[in-house]
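Now for the letters of each chain:
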Protein chains: 2
Amino acid sequence: MANSTFDPQSLKYNDAGLIPAIAQDSLSGEVLMMAWMNTESLARTLETGQVTYWSRSRQAFWAKGATSGHVQRLVELRFDCDRDCILMQVTQVGAACHTGRRSCFYTAVEEGQEVEKMKPLED
Amino acid sequence: MANSTFDPQSLKYNDAGLIPAIAQDSLSGEVLMMAWMNTESLARTLETGQVTYWSRSRQAFWAKGATSGHVQRLVELRFDCDRDCILMQVTQVGAACHTGRRSCFYTAVEEGQEVEKMKPLED
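Counting from 1, residues in each chain are numbered in the order their sequence is written. Naming scheme: in the order in which they are written, chains are lettered from A and ligands are numbered from 1. The predicted nature of this model means local features are confined to residues of pLDDT at least 70 and side-chain atom pairs, given and counted, to a pLDDT of 80 or more, with totals for whole chains, interfaces and linings taken over all residues. Water and hydrogen atoms play no part in the side-chain values, which are based on all heavy atoms of the structure.

Caption draft 1: Just helix 1 (residues 39-48) of chain B, in detail. Residues and elements named next belong to chain B. Here helix 1 has its buried residues at Ser41, Leu42, Ala43 and Thr45. When checking whether two residues touch, look at their non-hydrogen atoms; a contact exists if any pair is within 4.5 Å. Comment: elements are numbered from the N terminus, with helices defined as DSSP H or I runs of at least four residues and strands as E runs of at least two. Of the surrounding elements, those touching the buried residues of helix 1 are strand 3 (31-37), strand 4 (52-55), strand 5 (60-63), strand 6 (72-79) and strand 7 (86-92). Once helix 1 ends, the next one or two residues include Gly49, with phi positive near 75 degrees. The rule is simple: take the accessible area with a 1.4 Å probe, protein chains only, and divide by the maximum for that residue type; under 20% is buried, over 50% is exposed, in between is partly exposed.

Below you can see the structure in the form of structure tokens.
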């Protein structure tokens, strides 16, 4: 199959112009977080190699780690068969989660109970 | 921290009553797909151990693999810090993707080009 030029606008965005983007640790395979991108944050991510989301709460670009130092460097970017979800392999510095945990997915459901599976990283 | 009882309604759903759910191969760590759930599909998934999404196109429950046989058995279910995204470790039978590929994330963006990284599984 011949490759074709990628256009960020060719992906499918929701009514708010956003697409979910999953960040996965490129070494461990751990899923770190899911956040949202618009066409411009996707373009910035590809151009700079620094993962940049769109913050729905702040309605602003969110260059991951710009204030915390917990940057995500892009290793590989893929999208799915429906072109409506992004998966990124990243190199994560420190904690991906604002709670100080490596991953945002630290709560499991076990036998009907919420169970915390991960502690915040030591500084 | 004391554990607390999990209530599917305690998660945060969008205006359509849906929450994104990521399926990850529990053995390889490969991210297989992302689809959507409502409270009832989440409850069914936990009760039956068979991953059940909500199909936005068909507006119906989507017991993964019910027709194709490519079922997803739930190994572990987690949710994120904002309680607005689900991550599942699953045992995937065959292809997760409707194209016959193991994962829906088979297209990478490399130097501005779309590159297919995965072929459909052999039957």
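Caption draft 2: Geometry of the sheet that holds strand 6 of chain B. In this analysis, strands are considered paired if DSSP registers two or more bridges between them. Pairing is mixed across the open sheet formed by seven strands, whose spatial order is 1(B)-9(A)-8(A)-6(B)-7(B)-2(B)-3(B). Each edge of the open sheet is held by one strand with a lone partner, namely strand 1 (4-5) and strand 3 of chain B. Here strand 8 (residues 107-110) of chain A runs beside strand 9 (residues 113-116) of chain A; their pairing, made up of four bridges, is antiparallel. For Glu110 of chain A, the partnering residue across the bridge sits in strand 9 of chain A and is Gln113 of chain A. Here an angle of 0 to 180 degrees is reported between the N-to-C directions of two axes, which are lines fitted to C-alpha atoms, with helices fitted over the stretch in contact. Running at roughly 120 degrees to strand 6 of chain B, helix 1 of chain B makes contact with strand 8 of chain A together with strand 3, strand 6 and strand 7 of chain B of the sheet.

Caption draft 3: View of the pairing of strand 5 of chain B. Residue and element names in this part refer to chain B. Pairing of strand 4 with strand 5 involves four bridges; the strand directions are antiparallel. Residue pairing in the sheet places Trp54 in a bridge with Phe61 of strand 5. Connecting strand 4 to the next strand, strand 5, in antiparallel fashion are four residues, including Gln59 with a positive phi near 50 degrees.

Caption draft 4: Summary view of the interface of chain A and chain B. Of the residues lining the interface, 44 residues belong to chain A; the matching set on chain B comes to 44 residues. Summed over both partners, buried area is the accessible surface (1.4 Å probe) that two parts give up on being assembled. Buried area between chain A and chain B, both sides added, is near 3,700 Å², and the carbon and sulfur share of it is 58%. The largest per-residue losses of area from chain A upon contact with chain B belong to Phe105, Val109 and Glu114 of chain A, which jointly make up 19% of the total buried on that side. Salt bridges are counted wherever a side-chain nitrogen of Lys or Arg sits within 4 Å of a carboxyl oxygen of Asp or Glu. Remark: the boundary between chain A and chain B carries four salt bridges. Among the salt bridges present, the one from Asp84 of chain B reaches Arg56 of chain A, with a minimum N-O distance of 3.3 Å. Counting of polar contacts relies on pairs of N or O atoms within 3.5 Å, with two restrictions inside protein: one atom must be capable of donating a hydrogen and the other of accepting it, and residues adjacent in sequence are counted only when both atoms are side-chain atoms. Our count for the contact surface shared by chain A and chain B stands at 20 residue pairs in polar contact (both at pLDDT 80 or more). Residue assignment for the side of chain A that touches chain B shows that the elements contributing at least two residues are strand 1 (4-5), strand 2 (19-25), strand 3 (31-37), strand 6 (72-79), strand 7 (86-92), strand 8 and strand 9 of chain A. Its residues placed into classes, the side of chain A that touches chain B shows 22 nonpolar, 11 polar and 11 charged. As defined by bridge partners, strand 1 of chain A adjoins strand 9 (residues 113-116) of chain B across two bridges and the pair is classed as antiparallel. Opposite Ser4 of chain A, over in strand 9 of chain B, you have Glu114 of chain B as the bridge partner. Three categories are distinguished: nonpolar for Ala, Val, Leu, Ile, Met, Phe, Trp, Tyr, Cys and Pro, charged for Asp, Glu, Lys and Arg, and polar for the others, with Gly belonging to the last.

Any link to function would need more than the numbers given here.
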